[in-house]
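Read off the chains here:
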Amino acid sequence: MLLFRRYRTPDRLPQLFYEAIKNTGGGQVANAVVKSPAGFHVLKVLDRRALVSGASQAQQAPVQESAPATPQNIMVTQTMSRHILLRSRAGLTDQDAERRLAGYRDQVRAKTADFGELAKKYSEDGSAANGGNLGWMGPGD
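So, here's what we can say about the structure. (Residues numbered from 1 in each chain as written. Predicted model: local features only at pLDDT ≥ 70, side-chain atom pairs only at ≥ 80, totals over all residues. Heavy atoms only, no water.)

Some remarks on the nonpolar core
Turning to step 1, where the next piece is worked out: Within the largest apolar cluster, 14 residues are counted, with the highest numbers of intra-cluster contacts made by V42, I84, L101 and F115.
Turning to step 2, where the next piece is worked out: Elements supplying a minimum of two residues to this core: β3 (39–52), β4 (75–87), α2 (94–109) and α3 (115–122). (Core = buried A, V, L, I, M, F, W, Y, C linked by side-chain atoms within 4.5 Å. Buried < 20%, exposed > 50% of the residue type's maximum accessible area, 1.4 Å probe, protein only. Helix = DSSP H or I, 4+ residues; strand = E, 2+ residues; numbered from the N terminus.)

Re α2
Residues that lie three or four places apart on an α-helix share one face, since the helix turns once every 3.6 residues.
Turning to step 1, where the next piece is worked out: Here α2 spans 22 Å end to end across 16 residues, near enough to the 22 Å set by a 1.5 Å rise per residue.
Turning to step 2, where the next piece is worked out: Here α2 has its buried residues at A97, L101, A102, Y104, R105 and V108. Here the buried residues of α2 occupy an arc of 160° about the axis, which is enough to place them on one side. Seen from the open side of α2, the exposed residues pointing more than 90 degrees away from its buried face are Q95 and R99.
Turning to step 3, where the next piece is worked out: K111 sits one or two residues past α2 and shows a positive phi near 60°. (Expected span 1.5 Å × (residues − 1). Arc of directions from axis to C-beta.)

Brief notes about the environment of M137
Turning to step 1, where the next piece is worked out: Along the polypeptide, M137 turns up in strand β5 (residues 133–137).
Turning to step 2, where the next piece is worked out: For the pair M137 and M80, spaced 57 residues apart in sequence, the C-alpha to C-alpha distance is 6.1 Å.

What about the pattern of salt bridges?
Turning to step 1, where the next piece is worked out: Under the counting rule described, the total for this entry stands at six salt bridges.
Turning to step 2, where the next piece is worked out: The residue R105 makes a salt bridge to D106 at a minimum N-O spacing of 3.6 Å.
Turning to step 3, where the next piece is worked out: A relative accessible area of 14% places R105 in the buried class. (Salt bridge = Lys/Arg side-chain N within 4 Å of Asp/Glu carboxyl O.)

Topic: unusual backbone geometry
Turning to step 1, where the next piece is worked out: With a phi close to 60°, K111 is a non-glycine residue in the positive phi region.
Turning to step 2, where the next piece is worked out: Its place among the elements puts K111 in the loop between α2 and α3.
Turning to step 3, where the next piece is worked out: A relative accessible area of 73% places K111 in the exposed class.

Structure representation (structure tokens):
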């Protein structure tokens, strides 16, 4: 199976997700379980890269964050992330959802479970089949 990835700029991430992962490095799980109108999320940043806008995807290469920004070369940071979503529903209290997701997060941090496998098994959205992968994104996406 092929998986196509795209980077997204921070302004294309939901603000709630951006705030939760803005200080999280690639390969790390966010410190907190995030509650949104859709339910509860455990977020994992798969990778980060800085790109120069205007170049084709084939020409893109990681760029140092300290590179000067000019009108022709604007730094764009995109994030690849995955999540585990538990939908708000009757019979699942907020406390139960947070407790379950905190347990999944702790398993991933302790390396006793794989994030993708947990997402496939427990996430309640379309990303579950892909291990919770949301693709490359920026704030607003």
